[in-house]
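Here are the chains, one letter per residue:
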Amino acid sequence: MPLIEVTLTEGRDPARLRALMKAVHEAVETSLDTPASSVRVIVREVPPALWSAGGTTLAERRGLETPGTDAGDAVDRHTSKGN
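Reading the values: the criteria
Residues numbered from 1 in each chain as written. Predicted model: local features only at pLDDT ≥ 70, side-chain atom pairs only at ≥ 80, totals over all residues. Heavy atoms only, no water. Helix = DSSP H or I, 4+ residues; strand = E, 2+ residues; numbered from the N terminus. Buried < 20%, exposed > 50% of the residue type's maximum accessible area, 1.4 Å probe, protein only. Contact = heavy atoms within 4.5 Å. Areas by Shrake-Rupley, 256 points an atom, 1.4 Å probe, with all protein chains shown as cover. Expected span 1.5 Å × (residues − 1). Arc of directions from axis to C-beta. Pairing = 2+ DSSP bridges. Right-handed = clockwise from strand over helix to strand, strands pointing away. Salt bridge = Lys/Arg side-chain N within 4 Å of Asp/Glu carboxyl O.

The next thing to look at is the overall build of the protein chain. If you tally the helices and strands in the protein chain, you get 3 helices and 4 strands. Going from N to C terminus, the protein chain has its helices and strands arranged as β-α-β-β-β-α-α. By residue count, 29% of the 83 residues in the protein chain fall in the buried class. Partitioning the contacts of the protein chain with sequence separation of at least 6, the portion at a separation of at least 24 is 56%. Carbon and sulfur atoms make up 53% of the accessible area of the protein chain, which amounts to about 5500 Å² in all.

Attention shifts here to unusual backbone geometry. Working note: non-glycine residues mostly have negative phi, and peptide bonds are mostly trans. Of note, the phi angle at Asp 33 is positive, near 50°, even though the residue is not glycine. Along the chain, Asp 33 falls in the loop between helix 1 (14-32) and strand 2 (40-46).

Turning to helix 1, a few remarks are in order. Taking 1.5 Å of rise per residue, the 19 residues of helix 1 would be expected to cover 27 Å, and the 27 Å separating its terminal C-alpha atoms lies within 8% of that figure. Taken together, the buried positions of helix 1 are Leu 17, Val 24, His 25 and Val 28. Take helix 1 and look down its axis: the buried residues cluster within an arc of 100°, on one side only. Of the residues in helix 1, the exposed ones pointing more than 90 degrees away from the buried face are Ala 15, Arg 16, Arg 18 and Thr 30. On its buried face, helix 1 sits against strand 1 (3-9) and strand 2. Count one or two residues on from helix 1 and you reach Asp 33, which has phi positive near 50°.

Let us now look at the pairing of strand 2. Moving residue by residue along a regular strand, the side chains alternate between the two faces of the sheet. Bridging between strand 1 and strand 2 involves 7 bridges; their strand directions are parallel. Pairing of Leu 8 across the sheet is with Glu 45, part of strand 2. Where the polypeptide runs from strand 1 across helix 1 and back to strand 2, its parallel neighbour, the crossover connection is right-handed.

On to the environment of Arg 61, then. Mapped onto the fold, Arg 61 is located in helix 2 (residues 58-61). Every residue in contact with Arg 61, bar those within four places of it in the chain, is listed here: Ala 53, Gly 54 and Thr 56.

Right, let's get into the pattern of salt bridges. Following the criterion strictly, the structure yields 2 salt bridges and no others. One salt bridge in this structure joins Arg 44 and Glu 5, with 2.8 Å as the shortest N-O distance. With Arg 44 in strand 2 and Glu 5 in strand 1, this pair connects stretches of sequence that are 39 residues apart. Here Arg 44 falls in the partly exposed class, since its relative accessible area comes to 40%. Judged by its relative accessible area of 46%, Glu 5 is partly exposed.

This is a description of form; function is not addressed.
Written out as structure tokens, the structure is:
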């Protein structure tokens, strides 16, 4: 039973995420020649303030947060912009 996990920063349209899940599902079904009922796809969305690379969060890179500020405030600002 294939289980595929996709982790993205939050903020994408639900319809777009559904399209991603469908495409991943179909790709796994086809490439592994496995029954559709056995394929599992999980999409996890992570706030930009909780995702870092090189010691800097994505929120900081996007100018939504400065080091040492409350991460919740940065996420609220990001979400309200529709990004």
